[in-house]
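Here is how the chains run, residue by residue.
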Amino acid sequence: MQPAHVGPRVLLRRLREVMAGPEAAQTRLNKITTLIASNMVAEVCSIYVMRPGGFLELYATEGLNADALHETKLRVGEGLVGVIAANASPLNLPEAQAHPAFKYLPETGEEVYHSFLGVPVLRSGLILGVLTVQNRTQRHYSEEEVEAMQTTAMVLAEVVASGELDEVGEAEEVDLGHTRSHQLSGASFSGGVALGHVVLHRPRIHITNLIAEDVRAEKERLSAGVERLRESVDTMITAPDLARSGEHREVLEAYRMFAHDRGWVRRLQEAVDTGLTAEAAVEREQSNTRARMMRSRDPYLQERLHDLDDLANRLLRILTGTTGTAAGGELPKDAIVVARSMGAAELLDYDRDRVRGVVLQEGGGNSHATIVARALGIPLVGQVQGILNLSDTGDSIIVDGDSGEIFLRPLQSIREAYGEKVSLYAKRQAQYTRLRGEAAQTRDGTPINLNINAGLLMDLPHLERAGAEGIGLFRTELQFMIASSFPRMDEQVSYYRAVLDSAGDKPVVFRTLDIGADKTLPYLHHGQEENPALGWRAIRMSLDRPALLKLQLRAFLKAAGGRKLSVMFPMVAEADEFRKARALVDEEFAFLTRHGHEAPTELRVGAMIEVPALVWQLPALLPLTDFVSVGTNDLLQFLFAYDRGNPQLAAQYDALSPAFLSLMKQIVEQSEKHKVPLTVCGEIAGMPLEALALMALGVRSVSMVPAAIGPVKTMLRSVDLAAAREVILPLLDHPDHSLRDEILRFASKSGVQLHG
Ligand code: PEP
Ligand code: MG
């Protein structure tokens, strides 16, 4: 008969005594192995610790040759210990030597032992080491014993993670997985580069109290915590804005199912039975989930495991009484906020002077946090797999919002390279600031009107900072996208008024709601569309739902009482659409003056040229408009029939192609002929080489992201426009895919400055 081991609770109590003892770390580790061996009635107990470079080093042993200490090292995947680390799961073998991964290590003297039980030492899903016991006899360790070993390993993880082992063995730092350097890549959603320190948006909860004093009381705490968790999930799922059916609903239902899952709760209860506190039990289960998450390649399973991980986090917060995010706490001056995902309001809770960048494990190009980050000029990289598991508050980190790369705990060489990049960037910024008061005119004296694109009130300070002449495109939909319900008339009026107030004397061109395609309003039912980019969007929606448009037009007119107002319509496909839209403006204007409201001192109504068909109707359209603005993002997408949001096609067609430049030339000529002012407000207006080509075609007004004003102004002040025209215009008949190389050649030969 096998001798029964003493219950895990007794072991945990004794472990706690050892851990609280005054001895040096090595002595303490030795005592721990002796204690575990005697508790498990095993002849051998060994502790392997993960070291830099991915080696598991024998750190303490009861039963193996003492000479092997700090000598025996196994790679992850090598030998039984390596296999446990690789799979992050226990191995329970009556005959260890029969296992294909068994590796004979002569220095240990372990050949006399037959049975083997090893468990991973895990913390937050990371492998910190492996704990093993061995017996001479062939025995199968019971499930209870495996449980007890896992609980012990969890306590051990605290010792390893505490940093105490640094003084053991060689002078090197112990690698906890959390100390290694990692390069990760994601999607760049907001440009720029930042060096700083990680602030976990939801700070990791560090549990200090692992061992339960009173198991019954602990189980009650756990049950009460689970009950509160279920209630909070139920409340979340029935919230009015989520209660509608749809895909999100299914996701939430799956989430609720997990919260009610008996298997999950049973595993937590069993862990408490072994002597852990309720929160330690949750963390142990969470560690197992994360280890599975890291191993799994199945996206469906990954999602489900994410749900479980999230639930465990919520439960931990309930049990430890911690709520909220890091926004309210002490922030370093160079905070890089790391989160799974984040709402716009949550990002705005942070002190803007301290946040240098944002990294999201999920997040999308049009998520609200992304929109806000862009407005604030903060680099943001999203869809960075694994960032939450790998990083911890205080880690150094580099966010490259241009390439989408993240360097966590970067090596010195990378830090230096990026440091140079950042200081070069700062130097250029200083140059651009100095340029602010200089005239925006070409070397040969042609003045160019430089404006910025904006969409939130927080964009307005850029107008002064960049030294722009006005806002050439104010995307009003951003306010609507960030709101949780349709903004009321008075909210819209005060918003537009605030925009006009902060723009002061500088003109603002408001664009009416451009909703549809990738810009959706959660509170406005849109229905499924096969091709949303070609679907019910922008002016089409506005004309079909005139009440919404009229509300917005009235808000513009009211807000601009006594001052100038410019309004333009997006995605106009034919002159008739513009005519109808303009009639609504006139109607609202008449309504307001009839009711005694102060009218704008000047009203200009314009159309965006984004749909190629409209180019053939310019002779009919232009006499109806006060100005036009070319949205090249959409115009390019529809001209070349390529999806502007598809990264695979991003480099497929070039704005510097003969087709596109010829089309632009036609638009410029028509607007000159009809004496209708023209602006270009798509992204290419802010790219120095593309802007050069546009100016060569006759464009004299551009609107762009604020950060592009400096580089574009630098370019135009260095260009001789007459020479550029002479080179570029004859190229338009060429059959080439792109004229980029030739325009570049001209620029470098004639000293045009193109950085930025
Ligand atoms: C465009 O299409 O070029 C444009 C300026 O509008 P948006 O990018 O908002 O569609
Ligand atoms: Mg557009």
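Residues numbered from 1 in each chain as written. Chains lettered and ligands numbered in written order. Predicted model: local features only at pLDDT ≥ 70, side-chain atom pairs only at ≥ 80, totals over all residues. Heavy atoms only, no water.

## Concerning the confidence of the model for the protein
1) Next: Per-residue pLDDT for the protein has a mean of 88; in total, 94% of the residues score no lower than 70.
2) Next: Counting contacts from residues 170-177, a segment whose pLDDT is below 50, to residues more than four positions away or on other chains yields 29 contacts.
3) Next: A low-confidence stretch, residues 241-247 stays under pLDDT 50, and its non-local contacts, those more than four residues away or across chains, total eleven contacts. (pLDDT = per-residue confidence, 0-100. Contact = heavy atoms within 4.5 Å.)

## What to know about the environment of Ile609
1) Next: In this fold, Ile609 is placed in strand β19 (residues 602-609).
2) Next: A relative accessible area of 0% places Ile609 in the buried class.
3) Next: Along the chain, Ile609 and Val630 lie 21 residues apart, while their C-alpha atoms are 4.6 Å from each other.
4) Next: Among all residues touching Ile609, those that are not within four sequence positions of it are Leu614, Val615, Leu618, Val628, Ser629, Val630, Gly631, Leu635 and Ile667. (Helix = DSSP H or I, 4+ residues; strand = E, 2+ residues; numbered from the N terminus. Buried < 20%, exposed > 50% of the residue type's maximum accessible area, 1.4 Å probe, protein only.)

## Some thoughts on the coordination of the magnesium ion (ligand 2)
When four donors bind a metal tetrahedrally, each ideal donor-metal-donor angle is 109.5 degrees, and when six bind octahedrally, the ideal angles are 90 or 180 degrees.
1) Next: The protein atoms that coordinate the magnesium ion (ligand 2) are Glu610 (OE) and Asp634 (OD), at distances spanning 2.0 to 2.1 Å. Residue Glu610 is found in the loop between β19 and α20 (618-621), and its partner Asp634 is found in helix α21 (residues 632-639); the two are separated by 24 residues along the sequence. Across the pair, exposure class does not vary: Glu610 and Asp634 are buried alike. (Donors = N, O, S within 2.8 Å, 3.2 Å for Na, K, Ca; no water.)

## Comments concerning α21
Think of an α-helix as turning once every 3.6 residues; residues three or four places apart then point the same way.
1) Next: Most of α21 sits out of view: seven of its eight residues are buried.
2) Next: Within the sequence span of α21, burial applies to Thr632, Asn633, Asp634, Leu635, Leu636, Gln637 and Phe638.
3) Next: In the core, the buried residues of α21 are packed alongside β16 (470-475), β18 (564-572), β19, β20 (627-630), α22 (658-673) and β21 (678-680).

## Points about the packing of aromatic side chains
1) Next: A full pass over the atoms with the stated rule returns eleven aromatic pairs.
2) Next: Plain terms: the ring middles of Tyr642 and Tyr653 are 5.9 Å apart, the flat faces sit at 50° to each other, and that makes the pair tilted. Of this pair, Tyr642 sits in the loop between α21 and α22 while Tyr653 sits in the loop between α21 and α22; the two residues are eleven residues apart in sequence, bridging distant segments of the chain.
3) Next: Here Tyr653 falls in the partly exposed class, since its relative accessible area comes to 34%.
4) Next: Counting every residue linked through ring pairs, the aromatic cluster contains Phe474, Tyr495, Tyr496, Phe510 and Phe556.
5) Next: The ring of Phe591 is capped by Arg554, whose NZ or CZ atom sits 4.0 Å from the centre of that ring. (Phe/Tyr/Trp six-rings, centres within 6.5 Å; stacked < 30°, edge-to-face > 60°. Lys NZ or Arg CZ within 6 Å of the ring centre and 35° of its normal.)

## A few points about the packing of α22 against helix α23 (residues 688-697)
1) Next: Two numbers describe how α22 lies on α23: the axes approach to 9 Å, and their chain directions differ by 45°. The angle between α22 and α23 places the two elements in the oblique class. Handedness of the crossing formed by α22 with α23: right-handed. Contacts between α22 and α23 pair Leu661, Met664, Lys665 and Val668 from the former with Ala693, Leu694 and Leu697 from the latter.
2) Next: The residue inventory of the contact of α22 with α23, partitioned by class, reads six nonpolar, no polar and one charged. (Axes fitted to C-alpha atoms, helices over the stretch in contact; angles between N-to-C directions. Parallel < 35°, antiparallel > 145°, perpendicular 65-115°, else oblique. Left-handed = near helix turned anticlockwise from the far one by under 90°. Nonpolar A, V, L, I, M, F, W, Y, C, P; charged D, E, K, R; others polar.)

## Concerning the sheet that holds strand β5 (residues 115-123)
1) Next: Pairing within the open sheet is antiparallel, and its six strands lie in the order β3-β2-β1-β6-β5-β4. Because the sheet does not close on itself, it has two edges, and the strands there are β3 (73-75) and β4 (91-93). Averaged over all pairs of adjacent strands, the angle between their axes in this sheet comes to 25°, without regard to strand direction.
2) Next: As paired strands, strand β1 (residues 44-51) and strand β6 (residues 126-135) are joined by six bridges and run antiparallel to one another. Each residue of the ladder has a partner; that of Ile47, found in β6, is Leu131.
3) Next: The strands touched by helix α3 (residues 79-87) within the sheet are β1, β2 (55-62), β3, β4, β5 and β6, with β5 carrying the most contacts at an inclination of about 40°. (Pairing = 2+ DSSP bridges.)

## Concerning the domain arrangement of the protein
1) Next: Each assigned domain of the protein is listed here: domain 1 (8-178), domain 2 (181-203 + 326-425), domain 3 (215-320) and domain 4 (438-750).
2) Next: Distance from the C-alpha centre of domain 1 to the C-alpha centre of domain 2: 37 Å.
3) Next: Tallying the contact residues gives four residues for domain 1 and six residues for domain 2.
4) Next: Carbon and sulfur atoms make up 38% of the area that domain 1 and domain 2 hide from each other, which totals about 340 Å².
5) Next: For the pair domain 1 and domain 2, the number of links is zero salt bridges.
6) Next: Between the two partners, domain 1 and domain 2, sit zero residue pairs in polar contact (both at pLDDT 80 or more).
7) Next: Class assignment for the residues of the side of domain 1 that touches domain 2 results in one nonpolar, three polar and no charged. (Domains from an automatic or database assignment. Buried area = accessible area lost by both parts, 1.4 Å probe. Salt bridge = Lys/Arg side-chain N within 4 Å of Asp/Glu carboxyl O. Polar contact = N/O pair within 3.5 Å; in protein donor to acceptor, adjacent residues only side chain to side chain.)

## A look at the pairing of strand β10 (residues 335-339)
1) Next: For β10, a buried count of five out of five residues is recorded, marking the element as mostly surrounded by other parts of the structure.
2) Next: Taking every second residue as pointing to the same face, both faces of β10 are buried, with Ala335, Val337 and Ala339 on one and Ile336 and Val338 on the other.
3) Next: With five bridges connecting them, β10 and strand β11 (residues 355-360) associate as parallel partners. What sits directly across from Ile336, in β11, is Gly357.

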